[in-house]
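Each chain, written out:
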Amino acid sequence: QVQLVESGGGLVQAGGSLRLSCAASGPTSSIDIMGWYRQAPGKQRELVALTIIRTGGTDYKDSVKGRFTISRDNARNAVYLQMNSLKPEDTAVYYCNAQILGFNARDYWGQGTQVTVSA
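All of these numbers come straight from a predicted model, not from anything done at the bench.

A. Summary view of the nonpolar core. In this structure, Leu-4, Met-34, Trp-36, Leu-81, Met-83 and Tyr-94 are the most contacted members of the largest nonpolar core, which totals 30 residues. Among the secondary structure elements, those contributing two or more residues to this core are β3 (18–25), β4 (33–39), β5 (46–52), β7 (68–73), β8 (78–83), β9 (92–100) and β11 (113–118). No other element matches the 5 residues that β9 contributes to this core. With residues up to four places along the chain from it excluded, the contact list for Leu-4 reads Cys-22, Ala-23, Ala-24, Met-34, Cys-96, Asn-97, Ala-98, Tyr-108, Trp-109, Gly-110 and Gln-111.

If you want it as structure tokens, here you go:
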């Protein structure tokens with residue numbers, strides 16, 4: 001099984017930056033897509049950004065475009081989320097996600113890391 005461990009969360013001021021890391025272990029060569037989701041209290045979990053592992057292609061939630069950048073380092077089996085110009089509404093638990101596509105698709109989640117942006 002794939003295991004995911006997030007790190008890099010913390011408390012930052014509005015306008016500040018934070019870089020989240022996700023380290024994957026296990027059969028990482030089987031992963032097709034990795035992404036970052038977030039969930040704030042009382043809100044649905046939402047996709048923030050994703051990257052196609054084999055190509056590096058990316059996509060973002062509209063509200064983070066131009067502020068967040070997802071990247072991957074396949075040699076290190078790691079995915080990152082660089083978050084700039086942070087806003088209080090970015091406050092949430094951020095989760096790393098890995099997807100294996102196909103008829104018998106599989107989905108893996110990290111434990112989450114708290115990001116708090118103070119006004």
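B. How the structure looks around the side chain of Glu-6. With respect to the secondary-structure elements, Glu-6 resides in strand β1 (residues 3–7). It is Arg-45 that comes nearest to the buried, bridge-free Glu-6 among opposite-charge side chains, at 7.7 Å. Polar contacts involving the side chain of Glu-6 include one to the main-chain amide nitrogen of Gln-111, which spans 2.9 Å. For Glu-6, the side chain forms a polar contact with the main-chain nitrogen of Gly-112, separated by 2.8 Å. When sequence neighbours within four positions are dropped, the list of residues in contact with Glu-6 reads Ser-21, Cys-22, Trp-36, Tyr-94, Tyr-95, Cys-96, Gly-110, Gln-111, Gly-112 and Thr-113.

C. Structural context of the packing of aromatic side chains. Counted by the stated rule, this structure contains 2 aromatic pairs. For the pair Tyr-37 and Trp-109, a centre-to-centre distance of 4.9 Å together with 65° between the ring planes defines the contact as edge-to-face. Residue Tyr-37 is located in strand β4, and its partner Trp-109 is located in strand β10 (residues 106–109); the two are separated by 72 residues in the primary sequence. Owing to a relative accessible area of 33%, Trp-109 belongs among the partly exposed residues under this scheme. Ring geometry for Tyr-95 against Trp-109: centres 6.5 Å apart, planes inclined by 85°, an arrangement best described as edge-to-face. Of this pair, Tyr-95 sits in strand β9 while Trp-109 sits in strand β10, placing them 14 residues apart in sequence. Classification of Tyr-95 as buried rests on a relative accessible area of 15%.

D. View of the side chain of Arg-38. Along the chain, Arg-38 falls in strand β4. A polar atom in the side chain of Arg-38 sits 2.7 Å from the side chain of Glu-46. In this structure the side chain of Arg-38 is engaged in a polar contact, spanning 2.9 Å, whose partner is the side chain of Tyr-94.

E. Focus on the pattern of salt bridges. In total, this model carries 7 salt bridges according to the counting rule given. One salt bridge in this structure joins Glu-46 and Lys-61, with 3.1 Å as the shortest N-O distance. Linking Glu-46 in strand β5 with Lys-61 in the loop between β6 (58–60) and β7, this pair joins segments that are 15 residues apart in sequence. Given a relative accessible area of 28%, Lys-61 falls into the partly exposed group. A salt bridge links Arg-76 to Asp-73; the shortest N-O distance between them is 3.3 Å. For Asp-73, a relative accessible area of 24% translates into the label partly exposed. Shared partners join several salt bridges into a network, and the residues in it are Arg-38, Glu-46, Lys-61, Arg-67 and Asp-90.

Conventions and cut-offs
- Residues numbered from 1 in each chain as written.
- Predicted model: local features only at pLDDT ≥ 70, side-chain atom pairs only at ≥ 80, totals over all residues.
- Heavy atoms only, no water.
- Core = buried A, V, L, I, M, F, W, Y, C linked by side-chain atoms within 4.5 Å.
- Buried < 20%, exposed > 50% of the residue type's maximum accessible area, 1.4 Å probe, protein only.
- Helix = DSSP H or I, 4+ residues; strand = E, 2+ residues; numbered from the N terminus.
- Contact = heavy atoms within 4.5 Å.
- Lys, Arg positive; Asp, Glu negative; His and termini not counted.
- Salt bridge = Lys/Arg side-chain N within 4 Å of Asp/Glu carboxyl O.
- Polar contact = N/O pair within 3.5 Å; in protein donor to acceptor, adjacent residues only side chain to side chain.
- Phe/Tyr/Trp six-rings, centres within 6.5 Å; stacked < 30°, edge-to-face > 60°.

This is a description of form; function is not addressed.
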